[in-house]
Amino acid sequence: MIETDFYTVSGGKYLALFLRRYLSRFLVPVVVVFLLPGVLSFFDYRWGVVLLMLIFILLPMAMSMLYISEALRPEARYTIRRKKVQFTKQRVVITFQDDEESPVSTVAVPWGTFSVAEKQKKGILLAFRENKAFLYIPFSCLESQDVDSLDSLIDSKFN
């Protein structure tokens, strides 16, 4: 059994992981939408106004819709709340405890619930099958020998 220390992932880190994982395929259209008015504003100042409208009206609305639709899902708690994760051959056990005095809640998640595991520079991301939620485990909360054991366990489950 591999066990992490209690750890939290900040909201900013969660947003960065989410954007990198799910919105990277929309990067080119978004860049074109913002770049085109920026280039055209050199020829006609009205395109500069359009660019400002995109930046100050459309972008905040899109970000708030993304936050409401994805970051407020109940599954987002798997990444953001303070937790300790235990990895066994059958399941992943997540123990939540917000502070020392708060009650402990435990969730056992079978390995079949996860669709893919992505090894990143500073951690491992386990994506759920049903939705866009994921569980992120930074390497900093693991012992050095546990990182290798977890890597081999994940390879055996997803390969």
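Just above sits the structure.
Residues numbered from 1 in each chain as written. Predicted model: local features only at pLDDT ≥ 70, side-chain atom pairs only at ≥ 80, totals over all residues. Heavy atoms only, no water.

### Looking at the sheet that holds strand β5 (residues 114-119)
Then, number 1: Read across the open sheet, the three strands follow the order β5-β6-β7; overall the sheet is antiparallel. The open sheet has two edge strands with one neighbour each: β5 and β7 (134-138). Strand-to-strand twist across the sheet, computed as the mean angle between neighbouring axes with direction ignored, equals 15 degrees.
Then, number 2: The strands touched by helix α1 (residues 11-22) within the sheet are β5, β6 (123-128) and β7, with β7 carrying the most contacts at an inclination of about 120 degrees.
Then, number 3: Across the sheet, helix α5 (residues 144-158) lies against β5 and β6, angled at about 140 degrees from β5, the strand it touches most. (Pairing = 2+ DSSP bridges. Helix = DSSP H or I, 4+ residues; strand = E, 2+ residues; numbered from the N terminus. Axes fitted to C-alpha atoms, helices over the stretch in contact; angles between N-to-C directions. Contact = heavy atoms within 4.5 Å.)

### Notes on α5
For an α-helix the count is 3.6 residues per turn, leaving residues at separations of three or four pointing the same way.
Then, number 1: With 15 residues, α5 should reach 21 Å at 1.5 Å per residue; the first-to-last C-alpha distance of 22 Å fits that figure.
Then, number 2: Of the residues making up α5, those classed as buried are Asp 146, Val 147, Leu 150, Leu 153 and Ile 154. Angular distribution of buried residues about the axis of α5 spans 130 degrees; they occupy a single face of the element. Exposed residues lying more than 90 degrees from the buried face of α5 are Ser 144 and Asp 148. (Expected span 1.5 Å × (residues − 1). Buried < 20%, exposed > 50% of the residue type's maximum accessible area, 1.4 Å probe, protein only. Arc of directions from axis to C-beta.)

### Quick word on the packing of aromatic side chains
Then, number 1: Summed over the entire model, instances satisfying the criterion amount to eight aromatic pairs.
Then, number 2: An aromatic cluster is defined as three or more aromatic residues linked by ring pairs; in this entry it consists of Tyr 78, Phe 87, Phe 96, Trp 111, Phe 114, Phe 128 and Phe 158.
Then, number 3: Across from the ring centre of Phe 6, 4.3 Å away, lies the NZ or CZ of Arg 82, which sits over that ring. (Phe/Tyr/Trp six-rings, centres within 6.5 Å; stacked < 30°, edge-to-face > 60°. Lys NZ or Arg CZ within 6 Å of the ring centre and 35° of its normal.)

### Re the sheet that holds strand β1 (residues 2-3)
Then, number 1: Taken together, four strands build an open sheet; the order of strands is β1-β2-β3-β4 and the sheet is antiparallel. With one partner strand each, in any of the chains shown, β1 and β4 (105-110) form the two edges of the open sheet.
Then, number 2: Examined bridge by bridge, strand β2 (residues 83-87) and strand β3 (residues 91-96) share five bridges and lie antiparallel to one another. Within β3, the residue paired with Val 85 across the bridge is Ile 94.

### Observations concerning the environment of Leu 19
Then, number 1: For Leu 19, the position within the fold is in helix α1.
Then, number 2: Each C-alpha atom, one on Leu 19 and one on Leu 66, is 9.9 Å from the other, the two residues being 47 residues apart in sequence.
Then, number 3: Apart from residues lying up to four places away in sequence, Leu 19 is in contact with Ser 24 and Leu 66.

### Remarks on the pairing of β5
Then, number 1: Bridge count for β5 against β6 is five bridges, and the pairing is antiparallel. By the bridge assignment, Lys 119 is partnered in β6 with Ile 124.
Then, number 2: In sequence, β5 turns back onto β6 through a hairpin of three residues.

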